[in-house]
Amino acid sequence: MSLPHGPRVIPFLHNLKWRGRFLEFLEYCVGRYGDIFTFRVIGSRPFVVVSHPQAIEEIFTAPAGYFDSGKANQAFRALLGNNSLLLLDGIQHQQQRKLLLPPFHGEHLSKYGQIICGITQQEIQQWAVDRPFAIRPQVQAITLRIILQIIFGSQQESSVESLNQCLSELVDSFISPFWWQRFSFPQKKQQLDRLVYAQIRQRRQETACSTPDILSLLLSARDEAGAALTDEEIRDELITLIMAGYETTTTAVLWALYWVAKLPQIREKLDKELCSLGSHPAPSEIARLSYLGAVCSETLRIYSITGFTFDRVVKVPLSIMGYQFEPGTVLSPCTYLTHQREDLYPLPKQFQPERFLVRQFSPYEYYPFGGGNRRCIGMAFAQMEIELVLATILSHWHLSLVDDRPVRPVGRGVTLTPPLSLEMVANRPN
Ligand code: HEM
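Worth saying up front: this structure is predicted, and the values here are computed from it rather than measured.

### Things to note about the sheet that holds strand E9 (residues 398-401)
Item 1. The strand order across the open sheet formed by three strands is E4-E12-E9, and the pairing between neighbours is antiparallel. Edge positions in the open sheet fall to strand E4 (133-134) and E9, since each of these has one partner strand only.
Item 2. Pairing of E9 with strand E12 (residues 423-427), which is carried by four bridges, proceeds in the antiparallel orientation. From the neighbouring strand, His398 faces E12, where its bridge partner is Asn427.

Right, dumping it as structure tokens:
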């Protein structure tokens, strides 16, 4: 089978990603080979990078049976467990997805606003005034507490604290590029499993639960045959939701803070919009602000957090934009490249929230959360969380960058994040 052209063989994809040169390389490949090209990397199957909106549309709207994605996500099995939604395909994926969707929609979603604003307010009280500090750990503390509270509820503050500690160490050991840090992964995973299973068992024994958190919803969920989920299935899905939702939203909030600190005109417009709501606005009012929404959309466009969606492994012979693909071919929709197209986003390297106020983009032109039957189930929740955390921080602090030089994104696991050392200074707004 002949695949589209592409660079010869790339020996060190991981190194490229990690050193922050990967994005430039992708852009070079589009310039050299066009909208569809093949990456051949030592030690893995070749994959075809696609980014033209027409190709993205053809992939996202194809019947579910045309592709597998779980197959391509097996690297996460050790962390997420055999029953994780990310690893499933076909009917099993469809059924599990149906069980996991309700907590992220409708009335459930509207209850999370207060939790997000409350936790953010508590955490940012402790920030040092007028002294440089690393911003990542501060944002991580907020996003991790939010996701843990939404999943486990507020009943067991102390267990949630232990989970909090254990999870950040586990993520660091899982995605570390250094083998000696990855060495501690099995031990950290065991520790985490003990904590999560203890929560599940304890909650099964409770007759009534005052907070309808995700754990309770999963405990009461039944499939079409009326069967409940096992402890192991629940464990795997809880860890999946935490892992899928924690690094991604941390990274998004960090980028939003970076752009707002970097570009004073954006800060001014946001301040004006936030002030128009008066003091103590409801989270639902904040989430409706149009400029705030545009700033968050532009944040997710410019570096697109994950860079790619999940891979799609072709199951039946099919044609995409005139190219014929055989079963087994791996297609990689590249969010980053689509979001950098000049024809869609003039001056794509510039942070311009206004582009989202003057034009509506199709789900194949703008897709930070992927699409089709694998679209991120946390999308609405994540958008709300980024907006509310950002608005709450900006209402309390004026943040500036310690070093004003432009930063380059670095790879951390599957995310493209500001450098871990990014420092800011917080002052009270005037
Ligand atoms: C800025 C934040 C986030 C971004 C950028 C993001 C992005 C993505 C992307 C690109 C995918 C793959 C979609 C595809 O291949 O078509 C995905 C899948 C997924 N995301 Fe998110 N995500 C975010 C937050 C969250 C949150 C908060 C949760 C849950 C708490 C979550 C849970 C999931 C799950 C479970 C999947 C797998 C869906 C499936 O396989 O059917 N994500 N996300």
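### Quick word on the coordination of the iron atom of the ligand
Item 1. Counting protein donors to the iron atom of the ligand gives just one, Cys376 (SG), placed at 2.3 Å.
Item 2. Looking at the element boundaries, Cys376 is found in the loop between helix H17 (355-358) and helix H18 (379-396).

### Side note on the side chain of Arg412
Item 1. Mapped onto the fold, Arg412 is located in strand E10 (residues 410-412).
Item 2. In this structure the side chain of Arg412 is engaged in a polar contact, spanning 2.9 Å, whose partner is the side chain of Glu247.
Item 3. Ignoring any residue separated from it by four or fewer positions in sequence, one finds Arg412 in contact with Arg136, Gln140, Val171, Asp172, Ile175, Glu247, Thr417 and Leu420.

### Some words on the sheet that holds strand E8 (residues 330-333)
Item 1. If you trace the five strands from one edge of the open sheet to the other, you get E1-E2-E8-E5-E3, paired in mixed fashion. Strands at the two margins of the open sheet, each flanked by one partner only, are strand E1 (36-39) and strand E3 (67-68).
Item 2. Relative to strand E5 (residues 312-314), E3 runs antiparallel, the two sharing two bridges. Its bridge partner being in E5, Asp68 is matched across the sheet by Val313.

Procedures and definitions
- Residues numbered from 1 in each chain as written.
- Predicted model: local features only at pLDDT ≥ 70, side-chain atom pairs only at ≥ 80, totals over all residues.
- Heavy atoms only, no water.
- Pairing = 2+ DSSP bridges.
- Helix = DSSP H or I, 4+ residues; strand = E, 2+ residues; numbered from the N terminus.
- Donors = N, O, S within 2.8 Å, 3.2 Å for Na, K, Ca; no water.
- Polar contact = N/O pair within 3.5 Å; in protein donor to acceptor, adjacent residues only side chain to side chain.
- Contact = heavy atoms within 4.5 Å.

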